[in-house]
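# Examining the three-dimensional arrangement
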Amino acid sequence: MSSKSIAARPRFLTLLSTLSALLILAATWMVFFFAPREAVMGEVQRVFYFHVSTGWVGMVAFLSAAIAGIIYLIRPDKKWDVFAVAAVEIGLVYSFVNIVSGSIWARPTWNTWWTWDPRLVTASVMELTFLAYLLLRQSMEDPERRARFGAIYSILGSLTVPLTYMSIRIWRTIHPVVIGSGDPGAKGDFSMTQPMVTTLMFSLLAFTVFGVTLLWHRVRLGWLSERVEEFRLKSMEM
Amino acid sequence: MISTRGLGKRYGYRWALQDVTLNVGPGEITALLGPNGAGKSTLLRILATLSKPTIGDCQMANFQLPQQAAAARAHLGFLAHQPLFYEDLSAEQNLAFYAHLYRIKRPSERIAGLLKNFDLYLRRHEPVRTFSRGMQQRLALARVLLHKPRVLLLDEPHSGLDLAGVVILDEVLRGLAKKRTTILFATHELERAQSLARKVVVLANGKLVAASTGKSVSPSSVYRRALRIANRKA
Amino acid sequence: MVPYLATVIAILRKDLAVEWRSRQLLAAMLIFTLLVILIFNFALELDARVRSEVSAGVLWATFAFAGTLGLNRSMAIEKEGKALDGLLLAPVDRSVIYMGKTLANLSFMLAVALFTLPIYSVLYNVDLLNGGFLLVLLLGSWGYSAIGTILSAMAIQARSRELLLPVLLFPLVIPVLVAAVRASSFFLQDLELIYIWPSLNLLIAYGLIIPAMGFMFFDLIVEE
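The structure reproduced in this document is the subject of the present report. As the structure is a prediction and not an experimental result, all values here were calculated from the model. (Residues numbered from 1 in each chain as written. Chains lettered and ligands numbered in written order. Predicted model: local features only at pLDDT ≥ 70, side-chain atom pairs only at ≥ 80, totals over all residues. Heavy atoms only, no water.)

## Here's the deal with the overall build of chain A
The condition is simple: Helix and strand assignments follow DSSP, with helices taken as H or I runs no shorter than four residues and strands as E runs no shorter than two, numbered in order from the N terminus. Burial here depends on accessible area, computed with a 1.4 Å probe over protein chains only, as a share of the maximum for the residue type. Under 20% is buried, over 50% is exposed, and the range in between is partly exposed. By definition, residues are in contact when any of their heavy atoms lie within 4.5 Å. We get accessible surface area from the Shrake-Rupley algorithm with a probe of 1.4 Å; when it comes to residues, only the shown protein chains can shield them.
Secondary structure summary: chain A contains 6 helices and 0 strands in total. Traced from its N-terminal end to its C-terminal end, chain A shows the element sequence α-α-α-α-α-α. The proportion of buried residues among the 238 residues of chain A is 48%. In chain A, of all internal contacts separated by at least 6 residues, the share reaching a separation of at least 24 is 79%. In the structure as shown, chain A presents an accessible area of about 12100 Å², 70% of it carried by carbon and sulfur atoms.

## Here we look at the packing of helix H2 (residues 47-74) of chain A against helix H3 (residues 78-110) of chain A
Residues and elements named next belong to chain A. Here is the rule we go by: Orientation is described by lines fitted to C-alpha atoms, with helices fitted over the stretch in contact, and by angles between N-to-C directions that extend from 0 to 180 degrees. For this classification, under 35 degrees means roughly parallel, over 145 means roughly antiparallel, 65 to 115 means roughly perpendicular, and everything else is oblique. The handedness criterion is simple: a crossing whose near helix is rotated anticlockwise from the far helix by less than a right angle is left-handed, and one whose near helix is rotated clockwise is right-handed. Three classes are used: nonpolar for Ala, Val, Leu, Ile, Met, Phe, Trp, Tyr, Cys and Pro, charged for Asp, Glu, Lys and Arg, and polar for all others, with Gly counted as polar.
One way to put it is that H2 packs onto H3 with a least axis distance of 7 Å and a crossing angle of 155 degrees. On the basis of the axis angle, H2 is roughly antiparallel to H3. Viewed along their axes, H2 and H3 form a crossing whose handedness is left-handed. Here the contact of H2 with H3 is built from residues that sort into 19 nonpolar, 10 polar and 2 charged.

## Quick look at the nonpolar core
Keep this limit in mind: What makes a nonpolar core is a set of buried Ala, Val, Leu, Ile, Met, Phe, Trp, Tyr and Cys residues whose side-chain atoms join them at distances within 4.5 Å.
The biggest cluster of nonpolar side chains holds 195 residues, and the ones touching the most others in it are Leu153(B) and Leu151(C). It is helix H7 (residues 161-188) of chain C that contributes the most residues to this core, 15 residues altogether. Membership of the second largest hydrophobic core comes to 10 residues, among which are Val31(A), Ala35(A), Met41(A) and Trp105(A).

## Considerations on the interface of chain A and chain B
Short version of the rule: Whenever a carboxyl oxygen of Asp or Glu lies within 4 Å of a side-chain nitrogen of Lys or Arg, that contact is scored as a salt bridge. Counted as a polar contact is a pair of N or O atoms within 3.5 Å, where, for protein atoms, one must be capable of donating a hydrogen and the other of accepting one, and residues adjacent in sequence contribute only when both atoms are in side chains.
The partner chain B presents 4 residues to the 8 residues of chain A that form the contact. Inspection of the region where chain A meets chain B yields 0 salt bridges. The interface formed by chain A and chain B holds 0 residue pairs in polar contact (both at pLDDT 80 or more) in total. Of all the elements, helix H6 (residues 194-237) of chain A adds the most residues to the side of chain A that touches chain B, at 5 residues. Grouping the amino acids of the side of chain A that touches chain B by side-chain chemistry returns 2 nonpolar, no polar and 6 charged.

## Side note on the interface of chain A and chain C
Applied cut-off: Buried area: the accessible surface (1.4 Å probe) lost by two parts on joining, summed over both.
Every contact between the two is made by 30 residues of chain A and, on the other side, 34 residues of chain C. On the chain A side of the contact with chain C, Leu156(A), Leu163(A) and Trp171(A) bury the most area, a combined 18% of that side's loss. Counting every contact that joins chain A to chain C gives 2 salt bridges. The residue Arg159(C) makes a salt bridge to Glu141(A) at a minimum N-O spacing of 2.8 Å. For the pair chain A and chain C, the number of links is 8 residue pairs in polar contact (both at pLDDT 80 or more). Those elements that provide at least two residues to the side of chain A that touches chain C are helix H4 (118-139) and helix H5 (143-174) of chain A. Along the lines of polarity and charge, the residues of the side of chain A that touches chain C split into 19 nonpolar, 8 polar and 3 charged.

Here it is, written out as C-alpha cells:
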C-alpha cells in the first residue's frame, strides 16, 4: 500500500481476492451440505452460521474504525482516516446482513420477524450509529475536520453501544416485554455438535478473510481518490 | 513582540499561507497590507491562537505557539471582522462577561471607564442589537482593551467606521503604541497603512511579498509590486 | 479549581441571561412539549389504567425531542455573532466552555420539565411528585445534556446542522432514555429500590463517562 505502487493492484491482493472467493464458496457448501440438520429448528437453523460470522466481523470492523479514530487523534495522518471510513462501510454491510439473517432466523422459529432482545436491538442501534457517522462526514467540507469529527463520533459511538446493550438487558431481565414474541428467553439455544462447530469456525474464517479483502480494496479506493483530489486541487492552482 | 518563521497554513490541499516570516516589536504599529483573499485574516487568526499553523514557528508576547497558546491569550487582543457579541445582552453585560473571562480586577470601574472613553456610557444598558455598526466597532475595541493586552491584532478595524470613529481609533492606537503595545493591523487600503503604520508588510496569495524595513521605504511602490505579483499567477 | 468553576458559572449565567432577554427558547420548548403530550394522548389512547406505566415513556420521549431544540439554540447563539471566537480568545480552558454549555442545556431541560410535570399530573391524574422520579429526571437530563452539547458543537459546524443533530444524537442517547424510563417507571409504581438500582447505576455511569469524553474532545471540536 505504498504510494509509489499505488496505481497497480498488489499481487497479494489479487491472490487474497481469489482465496476469499474460494473460502466463501467452500463455507457455503459446508453450511448447506456438511453441517447436520438441526433437530428442532430444521433447515432454517443454517442461517445461524452466516448470522454469527457476519455479526462478529461487523463488530470487529466498527471497533477497528474507532481504534483508527483514536490513532488519528493522536497522530493526524490521513491514512488512518481512509482506513476508518473503509472499516465503517464494511462493518455496515456485514452488520446489515447480520440483522437481516437474524430476522430470517426468527420468523420460522418464533413466528415473528423481530424480537426485542438486547442483542438484536443493540445491533440495530450500532448500525444506526455508524450510518450517522457517514452522514456526519458527508456534511463536513473541511477534510481535516471531517476526519477529526468522524474519529470523535466513532469513539463516542463505541462507548455508548455497550451501554445500550446493558440498558436493554436490564430492561428485559426485570420486565418482560409485551411487544413482539413475548419470550424473553428467545435466543434459540440449541446444543452444537462437532460438525456444527467445525462449520461455524470455518464460516467465521471465510467471512473474516472476505472482510479483510473487501477492506483492503476499499482502503485502496479511498487512498486513490484522495490522490486524485490532491492532483485536481493542485492543477486548479496552476 | 510578534515573531514568526516559515509560517504556513494548509486547508485540505490548498496552502492559504506559505513561508511567512515577520517580526514586530513593542511600541511598533505595523500594517499588514494585501488584497482580499491574500491570507491576512488567516495569518491574524493564527497569531491570535484561534487557528493552528500547519508548519513553522510562531511566538507571541514571548510565548511559543501553539504549545503555550493558553498562556499567551491573556496578553493578546484580537479585533475581528465580527463584533463577537451576544446581541441580546447589553453593552455593559457583554463587557462584564468578558471581564470575568479575563479575570479583570475591579471590573465595574474598568468597564465604566472604557465605555466613557468610547462614548458609549449613555447607552450601556441597551442591547447590542440596537447599536450601529460604528458603535459596535467601538464597543468591540473597548472589549479588546479590557485586559490591557501587550499585543493587539486588528482585522480591518477601520471598515464600517465613520470619520469620528476613525479618528478615535487612530488616536487610541497611537496612544497604545506609546505605551509599548505591539500593534499589527490588517487592511487593504493603502492610505490607512501609510497614515497610521510605521512599518508595512505586504501579503499576496498567502506569501509575504515585501516588507519595508524602515521609515524610508515607500509603501506605495511596494504595494503596487505586490499587486503585480499577485496578478501574475506565478 | 475555584476560578475554573467561577468561569463555568459565568458562562452558565451568560447563557441564562441571553435566554432571559429573548425568551424565545423556553417558550418554544414549552409549547412543543405540551403539543407532543397532546399528540401522545390521541396516538396511544392513554386510559386511566395504563397511564402510570406509560407515563414515564411518554414524558421521556417528549423531553428527548424538546431537548434538541435547546441544544440547537444554545450553540446557535455562539455562531450568530461568531461569539464563540470570543470564548476561544479568552485565557480559559476549552473544557470550561463545554461544562458551562452543558449546565445551561441542563437548566433549560429542567426548566421545561418543571413546567410540564404539573400539567401532565393534572391532565392524567398521575402523581409525579416523587423524590425518586425527580432524581431520575436530574440524572437523565444530565446525561442527555452531556452528550448533546458535544454533538451540537460538532453539528453546528456542519452543513444542514438542524437536520444533523437528531440523527447524531438519538443513537448515542438511547442508554440514557431506556434506563431513565425504566427507573422513572419503577419509582412511579413505588417498586423496591433493589429493582431500580441497575438502571440508576447505568445512568450514573453514563453521566460520568460521557462528560469525561467531553472534557477530552471539546478542544478538538471547537478549534479550527
